[in-house]
Amino acid sequence: ERTKVLGAFEHLAECGDFLAGLSDLMQECILAKPRHKSVLWLEIGAEATRNPEVCKTQDLCEQQIRQALTSLLERAKAEGRIQPVMPVADIVEAMEVIAGGMFWRRATDSSLDTDRVGETFLKMFAGMIRPVSNDVVTATTGSRLQSETV
């Protein structure tokens, strides 16, 4: 799974529409996954609190994902594709917390409206990174919303 996520970040770096690429990534890596994958993520997290080896592996995985996302956003910033309203490290940390919450809710709430949650997250993220574009792509429908952040 980690290799797949890291590969998806590389694809996102080349994507012409940054938010559309992020939407695809979020769908593929979190929202469209079967619920049992989120349950497994929770079980691994719980085991990491008891087992130092599992903790080490989980920390390494999260560190690699954090570094890849940080590099991706820093590259987009340097290329003028985004104009973040706060330090990239803060945005990445917020994204990590929100993604963890999405996994948690996906595992524990069988009625979770992943389309609505994904769209809301993407709007929040767009406000943080301020993509240099007049359009914001929603996380679920691919429809376009006029961005008020740029």
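Whatever comes next refers back to the structure up there.
Because the structure is a prediction, the values reported are computed rather than measured. One numbering rule holds for all chains: residues counted from 1, following each sequence as written. Only residues with pLDDT of at least 70 get local features here, since the model is predicted, and only at 80 or more are side-chain atom pairs given and counted; chain-wide, interface and lining totals rely on the full set of residues. To get the side-chain values, all heavy atoms of the structure are used, and hydrogens and water are removed first.

Trainee: Got a sec to walk through the packing of helix α4 (residues 52-78) against helix α5 (residues 88-108)? Specific residues and values, please.
Mentor: Axis definition: a line fitted to C-alpha atoms, limited for helices to the stretch in contact. Angles are taken between N-to-C directions and run from 0 to 180 degrees. Helix and strand assignments come from DSSP, with helices taken as H or I runs of at least 4 residues and strands as E runs of at least 2, each series counted from the N terminus. Running from amino to carboxyl end, α4 crosses α5 at an angle of 135 degrees, the nearest separation of the two axes being 10 Å. In terms of orientation, α4 and α5 fall into the oblique class. Pair α4 / α5 crosses with right-handed handedness. Residue-level inspection shows Glu 62, Arg 66, Leu 69, Thr 70, Leu 73, Glu 74 and Lys 77 of α4 in contact with α5, the latter providing Val 88, Ile 91, Val 92, Met 95 and Glu 96. Note that the term roughly parallel is reserved for angles under 35 degrees, roughly antiparallel for angles over 145, roughly perpendicular for angles of 65 to 115, and oblique for everything else. Should the near helix be turned counterclockwise from the far one by less than a right angle, the crossing is left-handed, whereas a clockwise turn marks it as right-handed. Residues are treated as being in contact if the distance between any of their heavy atoms lies within 4.5 Å.

Trainee: Please provide a residue-by-residue account of helix α3 (residues 35-48), values included.
Mentor: The span expected for a helix works out to 1.5 Å for each residue beyond the first. Taking 1.5 Å of rise per residue, the 14 residues of α3 would be expected to cover 20 Å, and the 20 Å separating its terminal C-alpha atoms lies within 8% of that figure. The complete set of buried residues in α3 reads Ser 38, Leu 42 and Ala 48. In a view along the axis of α3, the buried residues occupy a sector of 120 degrees, so they form one face of it. Here the buried face of α3 lies against α4 and α5. The buried label applies to any residue whose accessible area, calculated with a 1.4 Å probe on protein chains only, is under 20% of its type's maximum; exposed applies above 50%, and partly exposed to all values in between. In this description, the arc belongs to the directions extending from the helix axis to the C-beta atoms.

Trainee: Would you mind going over the pattern of salt bridges in detail, with residue names and values included?
Mentor: Here, a salt bridge means any Lys or Arg side-chain nitrogen found within 4 Å of an Asp or Glu carboxyl oxygen. Within this structure, the stated rule accounts for seven salt bridges. With a closest N to O distance of 3.1 Å, Arg 50 and Glu 47 form a salt bridge. With a relative accessible area of 57%, Arg 50 lands in the exposed category. Classification of Glu 47 as partly exposed rests on a relative accessible area of 29%. Note that Arg 81 is salt-bridged to Glu 79, the shortest N-O span being 3.6 Å.

Trainee: I'd like to hear about the environment of Met 124, residue by residue, with values.
Mentor: Relative to the assigned elements, Met 124 resides in helix α6 (residues 114-129). Taking relative accessible area as the criterion, Met 124 reaches 42% and is therefore assigned partly exposed. Note: C-alpha distance between Met 124 and Met 95 (29 residues apart in sequence) is 9.8 Å.

Trainee: Any chance you could break down the nonpolar core for me, citing the residues and the numbers?
Mentor: Note that soluble globular proteins tend to have their nonpolar side chains buried in a common cluster. In this structure, Phe 18, Leu 22, Leu 73, Met 95, Phe 125 and Ile 129 are the most contacted members of the largest nonpolar core, which totals 33 residues. For this core, the secondary-structure elements that each account for two or more residues are α1 (2-14), α2 (18-31), α4, α5 and α6. Of all the elements, α2 adds the most residues to this core, at eight residues. Remark: nonpolar core denotes a set of buried residues (Ala, Val, Leu, Ile, Met, Phe, Trp, Tyr, Cys) joined through side-chain atoms within 4.5 Å.

Trainee: Residue-level account of the packing of α2 against α6, with values.
Mentor: Remark: α2 packs on α6, axes separated minimally by 11 Å, with the N-to-C direction vectors making an angle of 140 degrees. Between α2 and α6, the interaxial angle falls into the category oblique. Here the hand of the crossing between α2 and α6 comes out right-handed. Across from Phe 18, Leu 19, Leu 22, Ser 23, Met 26, Gln 27 and Leu 31 in α2, the residues of α6 making contact are Thr 114, Asp 115, Gly 118, Phe 121, Leu 122, Phe 125, Ala 126 and Ile 129. Put simply, Ala, Val, Leu, Ile, Met, Phe, Trp, Tyr, Cys and Pro go in the nonpolar bin, Asp, Glu, Lys and Arg in the charged bin, and everything else, Gly too, in the polar bin. In terms of residue class, the contact of α2 with α6 is made up of ten nonpolar, four polar and one charged.

Trainee: Report on the packing of aromatic side chains, specifying residues and quantitative values.
Mentor: Two rings belonging to Phe, Tyr or Trp (six-membered ring only in the last case) form a pair when the distance between their centres is within 6.5 Å. Interplanar angles under 30 degrees mark stacking, angles over 60 mark edge-to-face geometry, and anything in between is tilted. Summed over all chains, the structure comprises two aromatic pairs. Each ring, one from Trp 41 and one from Phe 103, has its centre 4.8 Å from the other, and the planes form 20 degrees; the classification is stacked. With a gap of 62 residues between them, Trp 41 in helix α3 and Phe 103 in helix α5 connect regions that are remote in the sequence. Arranged with centres 6.0 Å apart and planes meeting at 15 degrees, the rings of Phe 121 and Phe 125 form a pair that is stacked.

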